[in-house]
Protein chains: 2
Amino acid sequence: MATTTSDTHEPRMCDAALSRAFDVIGKRWNGVILGTLSSGPAGFAELRRAVGGISDSVLSERLTELAATGLVQRTVTDGPPVTVEYSLAESGVAFLPAMRALSAWAKDHLPRN
Amino acid sequence: MATTTSDTHEPRMCDAALSRAFDVIGKRWNGVILGTLSSGPAGFAELRRAVGGISDSVLSERLTELAATGLVQRTVTDGPPVTVEYSLAESGVAFLPAMRALSAWAKDHLPRN
């Protein structure tokens, strides 16, 4: 039976903060929603078009979660007409450098199909 | 009915490369697997322990996908005993800077629960 050499080193673990990051962006659609908002504020319908394949209810749920995490903010402007827009909140703006690093990596290492 | 201001700017889109990155790390477990291997090679059982909650079959499937993407490599050493180890392949090593950026962001913006 194949054994591993794990008994000769400290047990491997994912860094706790990195694990928390993946709890957010490892959830389907969250990354692309944040990536879409990195190009500027957008309304719900626009986000749904940009994030191909997501349903209204899932998009609404994700936006609520991302807002609760401080990544996204929802702005209602009275108008008329009343306008509702989503944009990156403080933690979302702080996520931009990581998104740039992910994009740079993917350009070199995840070729288009 | 609330309208959005989307008619006054280019349609928002997620950067294509960033979207490809999220295709990989937006898939549950992939990020934590890569994060675990960033601390060094590990055997299957060790990975399963480190990535809490994943089943053998899903871990095996993910490792196969990550290997096909060039992120992870599987090394069999004849021994005896035969040892099987997984480690970051070239694209996985190239992913380390993005993981560091994600971890740094999460330390500041995703506090422990």
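As the structure is a computational prediction, the values presented were derived from the model and not from experiment.

*Asks:* How should unusual backbone geometry be read in this particular structure?
*Replies:* Outside of glycine, negative phi angles account for most residues, and trans bonds account for most peptide bonds. Here the amide bond leading from Gly 79 of chain A into Pro 80 of chain A is cis, since omega sits at 10°, within 30 degrees of zero. Looking along the chain, the bond that leaves Pro 80 of chain B and enters Pro 81 of chain B is cis, with omega of -5°. Topologically, Pro 81 of chain B is positioned in the loop between strand S1 (72-77) and strand S2 (83-88). For Trp 29 of chain A, which is not glycine, the phi dihedral falls at a positive 85°. Relative to the helices and strands, Trp 29 of chain A is located in the loop between helix H1 (16-25) and helix H2 (30-37). The exposure class of Trp 29 of chain A is buried, given its relative accessible area of 18%.

*Asks:* Could you clarify how one ought to interpret the relation of the copies chain B and chain A in this entry?
*Replies:* At an RMSD of 0.0 Å, chain B and chain A line up after a rotation of 180° and a shift of 0.0 Å along the axis. Here the two chains are linked by the operation of a two-fold rotation axis. The position closest to the rotation axis in chain B is occupied by the C-alpha of Gly 26 of chain B, lying 2.0 Å away.

*Asks:* Even after reading the chapter, I still don't get the environment of Leu 34 of chain A, so can you show me in this structure?
*Replies:* Residues and elements named next belong to chain A. Structurally, Leu 34 is set in helix H2. We classify Leu 34 as buried; its relative accessible area is 0%. Once the C-alpha coordinates of Leu 34 and Phe 95 are considered, the two residues, 61 residues apart in sequence, prove to be 8.7 Å apart. The contacts of Leu 34, once residues within four sequence positions are left out, are Ile 25, Leu 66, Leu 71, Val 72, Leu 88, Phe 95 and Met 99.

The rules behind these values
- Residues numbered from 1 in each chain as written.
- Chains lettered and ligands numbered in written order.
- Predicted model: local features only at pLDDT ≥ 70, side-chain atom pairs only at ≥ 80, totals over all residues.
- Heavy atoms only, no water.
- Helix = DSSP H or I, 4+ residues; strand = E, 2+ residues; numbered from the N terminus.
- Buried < 20%, exposed > 50% of the residue type's maximum accessible area, 1.4 Å probe, protein only.
- Least-squares fit on C-alpha atoms with pLDDT ≥ 70 in both.
- Contact = heavy atoms within 4.5 Å.

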